[in-house]
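Overview (structure and organization)
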Amino acid sequence: MPSILGWLIAGMFLGPNALGLLTQSTLDAEWYKITITWMQCAFGIMLGTELIWRKIKSYGKALIVTTLTQSLGTFALVSAVFAAVFAIKKVTLYLALAFGGIALATAPAPALSIVQEFHTKGPVTDTLLPMAVLDDVVGIVVFFSVNSFIASRVSGGSIPMYMIPVIIFLPIAIGILPGFAAGCFLRKKDSRPTVLLTLLFGITLTAGIGLILNKYIFKGISLNYMLMGVSFSAVFSNMISEEKLSTVTDYFHQILSVSLLSAIVDLGAPLDCHLILGAGLYTFIYIIARAAGKYFGARTGASLMKMPETVKKYLGLTLLPHSGVSLVFTGIVCGVLENTRPDLASIVKGTIAAAAVINEIIAVFAAKQGFKLAGEINGKSPVAKTA
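Residues numbered from 1 in each chain as written. Predicted model: local features only at pLDDT ≥ 70, side-chain atom pairs only at ≥ 80, totals over all residues. Heavy atoms only, no water.

**Here's the deal with the overall build of the protein**
On a plain count of helices and strands, the protein comes out with 16 helices and zero strands. Here the protein, with 387 residues, has 55% of them falling under the buried criterion. Of the contacts made within the protein by residues no fewer than 6 positions apart, 83% connect residues no fewer than 24 positions apart. Only carbon and sulfur atoms are counted for the fraction: they give 68% of the accessible area of the protein, which is about 16400 Å². (Helix = DSSP H or I, 4+ residues; strand = E, 2+ residues; numbered from the N terminus. Buried < 20%, exposed > 50% of the residue type's maximum accessible area, 1.4 Å probe, protein only. Contact = heavy atoms within 4.5 Å. Areas by Shrake-Rupley, 256 points an atom, 1.4 Å probe, with all protein chains shown as cover.)

Okay, here's the thing in structure tokens:
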């Protein structure tokens, strides 16, 4: 079993719904939020160091098409399934779009922790890492567009459409300047203490700029700090040689491990294991429809673009982790619905909260199995067959 499962369960038991060692007041405390924000920015480095321009060019159109088929395919399938269910149950149909908008996003941390723990290497890993970034961007665009539409139907407050590009591109812009400065410095210096101090200072500066802008200028929206870390590291990664980049990532390995562990425990803390017993029909429909959308969407895109056979068969399994993003999106949707349609907010909250617990346990096993079936555990990847 991957250790992420232990971290996730530990988070659940430490959280306010079990032992309460991590109380709700702690989870809401400013110092705790700042710490987790820093950790999110730090584990974004794992993705950013994979975004080397010469590698991206080799993925090119195939990566973009497969990202769109698995994310938009999931949105379409989940929305269609819930539209049919709600038509039978006499529930407002536009609520189906809320479920589709929540479902398309993927939480990158669980899959990334498996990549790191088992040293996966091969076509699935190479496709998943840059896809995690693109998937975040597509998820933000679709979800906030859907949320604005729902807000217009219930006359609730929401983020205006013109703010969606800000939510996407501002985190990327924030990481560029610190990343460029770090790249210039890392070109000249290569001692372990200097590299670590450079990265720690760069992460802190990047996260600090994001926190200040989020608190005082862009109030009411939640910036993506992982994207800031991705942007920061992608810039310096393209400025130094592959040999030096390998050394830099090796030096940062222990800090990355702690950052991932903290992010996963934080992911598990708000989850309520009691919800497993109370899960209803909507929860199981959601889990199955989302899994089908991710798996067959990824398979369709990979087949169309003639990607390696292992990518076609197993990429979808690595895209199943979901809970952190789903809970954030659920909170936003429920904030729009609660004042005017509390009945609809209750359906969304109950369904996704239970699905977050059940899906994440299943998804961790599925993601590891995907890497295993692809032959990429410990870097043991077979010669890729093309579809």
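**Side note on a nonpolar patch on the surface**
Together, I9, F13, L19 and L21 make up an exposed nonpolar region whose accessible area comes to about 410 Å². Within the fold, L21 resides in the loop between α1 (3–14) and α2 (24–28). Taking relative accessible area as the criterion, L21 reaches 62% and is therefore assigned exposed. (Patch = residues over 30% accessible without salt bridge, like charges linked within 9 Å, V, L, I, M, F, W, Y side chains within 5 Å. Salt bridge = Lys/Arg side-chain N within 4 Å of Asp/Glu carboxyl O.)

**Examining the pattern of salt bridges**
Applying the stated criterion across every chain yields a total of four salt bridges. A salt bridge links E309 to K312, with the nearest nitrogen and oxygen atoms 3.7 Å apart. With E309 and K312 both in helix α14 (residues 309–318), this residue pair falls three residues apart, about one helical turn. For K312, a relative accessible area of 15% gives the class buried.

**Focus: the packing of helix α8 (residues 164–188) against helix α9 (residues 192–216)**
Packing of α8 against α9 leaves a shortest axis separation of 10 Å and a crossing angle of 160 degrees. With respect to each other, α8 and α9 are oriented roughly antiparallel. Like other packed secondary-structure pairs, α8 and α9 cross with a definite hand, here right-handed. On the side of α8, the interface is formed by L170, I174, G175, P178, A182, F185 and L186, while α9 contributes T194, V195, T198, L199, G202, L205, T206, I209, G210 and L213. Tallied by class, the residues present in the contact of α8 with α9 amount to 11 nonpolar, six polar and no charged. (Axes fitted to C-alpha atoms, helices over the stretch in contact; angles between N-to-C directions. Parallel < 35°, antiparallel > 145°, perpendicular 65-115°, else oblique. Left-handed = near helix turned anticlockwise from the far one by under 90°. Nonpolar A, V, L, I, M, F, W, Y, C, P; charged D, E, K, R; others polar.)

**Notes on the packing of helix α7 (residues 123–154) against α8**
In contact at an axis separation of 9 Å, α7 and α8 are set at 160 degrees when each is read in the N-to-C sense. Between α7 and α8, the angle falls in the class roughly antiparallel. Of the two possible hands of crossing, α7 and α8 adopt the one that is right-handed. Contact residues: V137, I140, V141, F144 and S145 in α7; I164, I167 and I168 in α8. Each residue belonging to the contact of α7 with α8 can be placed in one class, and the counts come to seven nonpolar, one polar and no charged.

**A look at unusual backbone geometry**
Backbone geometry at H119 places phi at a positive 50 degrees, although glycine is not the residue there. When you line up the elements, H119 lands in the loop between α6 (108–118) and α7. Of note, K306 is a non-glycine position whose phi angle comes to about 55 degrees, a positive value. With respect to the helices, strands and loops of the structure, K306 is situated in the loop between α13 (281–304) and α14. In this structure K306 comes out as exposed when scored by relative accessible area, which is 60%.

**Describing the packing of aromatic side chains**
Counted by the stated rule, this structure contains 10 aromatic pairs. Taken together, a centroid distance of 5.9 Å and an interplanar angle of 85 degrees make the contact between W31 and Y32 edge-to-face. Taken together, the ring pairs in this structure connect F82, F86, F99, Y282 and Y286 into an aromatic cluster. (Phe/Tyr/Trp six-rings, centres within 6.5 Å; stacked < 30°, edge-to-face > 60°.)

**Describing empty space enclosed by the protein**
Per the stated rule, a full pass over the model turns up one cavity of 30 Å³ or more. Of the voids in this model, the largest cavity is the one considered here, and its volume is about 80 Å³. Around the largest cavity, the lining residues are T106, A107, P108, A111, L128, M131, A132, D135, T318 and L319. If you tally residues by element for the lining of the largest cavity, the top one is α7, at four residues. A breakdown of the residues in the lining of the largest cavity according to their chemical character gives seven nonpolar, two polar and one charged. (1 Å grid on protein atoms, 1.4 Å probe; cavity = no way out; pocket = protein on both sides within 12 Å on 5 of 7 lines; lining within 4 Å. Points joined across faces, edges and corners; volume = space filled by probe spheres on them.)

**Examining the environment of G335**
Of note, G335 is situated in helix α15 (residues 323–337). Each C-alpha atom, one on G335 and one on A151, is 9.7 Å from the other, the two residues being 184 residues apart in sequence.

**A look at the layout of surface pockets**
In this approach, a probe sized like a water molecule rolls over the atoms, and the result shows the empty space that is left. Of the voids in this model, the second largest pocket is the one considered here, and its volume is about 800 Å³. Contributing to the lining of the second largest pocket are 24 residues, with M46, T49, E50, L129 and T249 lying nearest its centre. With eight residues, the top contributor of residues to the lining of the second largest pocket is helix α11 (residues 242–268).

**Some points on the confidence of the model for the protein**
Here the protein averages 82 in pLDDT, and 90% of its residues register 70 or above. Predicted confidence for residues 381–387 stays below pLDDT 50, and this span has 20 contacts to residues more than four positions away or in other chains. (pLDDT = per-residue confidence, 0-100.)

**What about the environment of N238?**
As for its position among the elements, N238 is in the loop between α10 (225–237) and α11. Note: C-alpha distance between N238 and G179 (59 residues apart in sequence) is 9.9 Å. Among residues more than four places away in sequence, those in contact with N238 are L51, I52 and W53. A polar contact of 2.7 Å, which involves the side chain of N238, links it to the backbone oxygen of A234. (Polar contact = N/O pair within 3.5 Å; in protein donor to acceptor, adjacent residues only side chain to side chain.)

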